[in-house]
Amino acid sequence: KIFQAVVSCIGGDGTIYIIPKSFETALNKLMAEIQNTFKGLGLLIPYCWKKGEACVVRGSDTLWYRAKIVEVSGSTLQVQYIDRGYIESIPQCHLYPTTFYTGIPPFCIPCQLYKTLPIGNFWQQDAVDYLQELLKNEEVEIHVEELPDYPWGKLSISLYFGGMSLSSFMAYQKYCVAEDCQDIQKLGVFEGDLSPSYLLQPLPLPGETFPVTVTHLVSPKEAYICLHSSGNVAKRSATERAASHDSESLNKALKWCNKIVKTLPHLTNFKKELPCLAEYVDGIWYRAKLLSITQVVPVQILVQFVDYGTYLVAPTSRLRHIPCHLLKYPVQAVRVLLAGFKPASDDKNVERIPYSPEWSLKALWTMVDCVEGKRLSASILTLSPEVTISLYGDDKNLVHLKLIEMGLAELDE
């Protein structure tokens, strides 16, 4: 069985407590009912608590939760939140004994990693802390491998986050030994003759109009676009649906990669077109490819962010190996040429684009204003030798008409 779940906590012994996504509605309903039933403070009169006794506990967020007594020691009790898994020491005044809701099974499931042996036969504290930091409150994919030997024992699972196996990842970090480590190589250490590359984005058929955004303008004539799914689900083409699904899955996988990026090795191979992860100026890591070495001492590399088309000159400290599973998503940005116009022969603006001097900087900034942050549509005219498109604004007019009106471009039949 395979299902999505949220990790509610990691126990001190490395037990992974999960709440299946399918349980969320029922859990929220129960929580609302508990809040309506229990108001105010906990039990203020003396009470003889027993280990294993059911109760409700008032959490630090002032909400009431189902719990059970794990240990009794003086005025403080150790309780376990049965729908979350975590254990806390709580003063007696924040608890209330109850037999309400005891007929409803706990919503969280204790799990252990299948065929995974921690170093030293138990999870060390630093491994538990790392698991907690990595997984708490995150949505993951659960593969059930073995049922527990007794009711409410630990479920043996394989856990995947962002397409990666947790067992393999923790083995890679030297926290454990995993028997089934087939995908350890997916953590992205490319050695020897292996030359990975990105997949290209499948494009709609010529003549078909589809929604796009412009992610980067090289010149008024050359741009990078991203395909989007139209608002009308029924009218979406297969290409649009695939692009939308890929984009969502890629964003999730990249979010996880940003959490573990410090564990990925720095690049040592600077082969042209090599895929990598690069840190952008916003501090977030994105998919990129190497273009050239621009400086030798200290080493500076020109990279292109493949899902946007933008460029950056970065030191090697901002480049890391890319996990293999990130290569299965097609590049999101497609380089295109815009059809129907050319630079104005009488454009008197002196400031020109250095790498494309036939265009003035004013023409470039005008085109930026026409496309930046706007939902546009495009239609492919040719696929080779270059992908050439007609690009339309939200008013359904060709975007380059503004440049022609201002004398910055002219029609090109």
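Data block above holds the structure.
Calculation rules
Residues numbered from 1 in each chain as written. Predicted model: local features only at pLDDT ≥ 70, side-chain atom pairs only at ≥ 80, totals over all residues. Heavy atoms only, no water. Helix = DSSP H or I, 4+ residues; strand = E, 2+ residues; numbered from the N terminus. Rg over C-alpha atoms; globule rule 2.2 N^0.38 Å. Buried < 20%, exposed > 50% of the residue type's maximum accessible area, 1.4 Å probe, protein only. Contact = heavy atoms within 4.5 Å. Areas by Shrake-Rupley, 256 points an atom, 1.4 Å probe, with all protein chains shown as cover. Pairing = 2+ DSSP bridges. Phe/Tyr/Trp six-rings, centres within 6.5 Å; stacked < 30°, edge-to-face > 60°. Lys NZ or Arg CZ within 6 Å of the ring centre and 35° of its normal. Core = buried A, V, L, I, M, F, W, Y, C linked by side-chain atoms within 4.5 Å. Salt bridge = Lys/Arg side-chain N within 4 Å of Asp/Glu carboxyl O. Polar contact = N/O pair within 3.5 Å; in protein donor to acceptor, adjacent residues only side chain to side chain.

### Looking at the overall build of the chain
Item 1. Counting its regular elements, the chain contains six helices and 27 strands.
Item 2. Relative to its length of 413 residues, the chain is extended, with a C-alpha radius of gyration of 28 Å against a globular reference of 22 Å.
Item 3. With respect to the three principal axes, the spread of C-alpha positions in the chain is 95 × 50 × 35 Å.
Item 4. In the chain, buried positions account for 48% of the 413 residues.
Item 5. Here the contacts in the chain between residues at least 6 apart in sequence split such that 61% fall between residues at least 24 apart.
Item 6. When the accessible area of the chain is evaluated, it comes to approximately 21,300 Å², of which 55% is carbon and sulfur surface.

### Thoughts on the sheet that holds strand β20 (residues 319-320)
Within a sheet, neighbouring strands are paired by backbone hydrogen bonds and run either parallel or antiparallel to one another.
Item 1. Strand order in the open sheet made by the five strands is β19-β18-β17-β16-β20, with antiparallel pairing throughout. What marks the edges here is a single partner per strand, and that holds for β19 (311-315) and β20.
Item 2. For strand β16 (residues 275-279) and β20, the ladder comprises two bridges, and the chain directions are antiparallel. Within β20, the position partnered with Ala278 by the bridge is Leu319.

### A look at the packing of aromatic side chains
Item 1. Evaluation of the coordinates by the stated rule reveals 17 aromatic pairs.
Item 2. Pairing Phe38 with Trp64 gives two aromatic rings, centres 6.0 Å apart and planes at 40°, and the pair type is tilted. Remark: Trp64 occurs in strand β4 (residues 64-73) and Phe38 occurs in the loop between α1 (24-37) and β3 (54-58); sequence separation between them is 26 residues. The residues Phe38 and Trp64 share a single accessibility class, namely buried.
Item 3. Among the aromatic residues, those joined into a ring-pair cluster are Phe38, Trp64, Tyr96, Phe100 and Tyr101.
Item 4. Positioned over the ring face of Tyr86 is Lys136, at 5.8 Å from the centre of the ring.
Item 5. The ring of Trp256 carries Lys255 above its face, with NZ or CZ at 5.5 Å from the centroid.

### Regarding unusual backbone geometry
Item 1. In the segment running from Val297 into Pro298, the intervening peptide bond is cis, with an omega of -15°.
Item 2. Locating Pro298 in the fold gives a position in the loop between β17 (285-295) and β18 (300-305).
Item 3. A positive phi is found at Asn121, a non-glycine position, where the angle reads about 70°.
Item 4. Tracing the backbone through its elements, the reader meets Asn121 in the loop between β9 (116-118) and α2 (125-135).
Item 5. A positive phi angle, near 65°, is found at Trp152, a position not held by glycine.
Item 6. Summarising the element assignment, Trp152 is placed in the loop between β10 (139-146) and β11 (155-161).

### Concerning the nonpolar core
Item 1. If you look at the biggest cluster of nonpolar residues, it comprises 31 residues, and the most contacted ones within it are Leu135, Leu159, Phe161, Leu166 and Met170.
Item 2. Broken down by element, this core gets its largest block of residues, six residues, from α2.

### As for the pattern of salt bridges
Item 1. Tallied over the full model, the rule gives 13 salt bridges.
Item 2. We note a salt bridge from Asp13 to Lys154, for which the minimum N-O separation is 3.4 Å. Residue Asp13 is found in the loop between β1 (2-10) and β2 (16-20), and its partner Lys154 is found in the loop between β10 and β11; the two are separated by 141 residues along the sequence.
Item 3. Look at Lys154 and you get partly exposed, because its relative accessible area is 30%.
Item 4. The partner of Arg335 in a salt bridge is Glu386, and the shortest N-O contact between them spans 2.6 Å. With a gap of 51 residues between them, Arg335 in strand β21 (residues 333-338) and Glu386 in the loop between β25 (376-382) and β26 (388-392) connect regions that are remote in the sequence.
Item 5. Note on Arg335: relative accessible area 30%, which makes it partly exposed.
Item 6. Through salt bridges that share partners, Lys21, Glu24 and Glu139 make up one connected network.

### Some remarks on the side chain of Thr15
Item 1. For Thr15, the location among the structural elements is in the loop between β1 and β2.
Item 2. A distance of 2.8 Å separates polar atoms of two side chains, one belonging to Thr15 and the other to Asp13.
Item 3. Side-chain polar atoms of Thr15 contact the side chain of Lys154, separated by 3.0 Å.
Item 4. The contacts of Thr15, once residues within four sequence positions are left out, are Cys9, Ile10, Pro110, Cys111 and Lys154.

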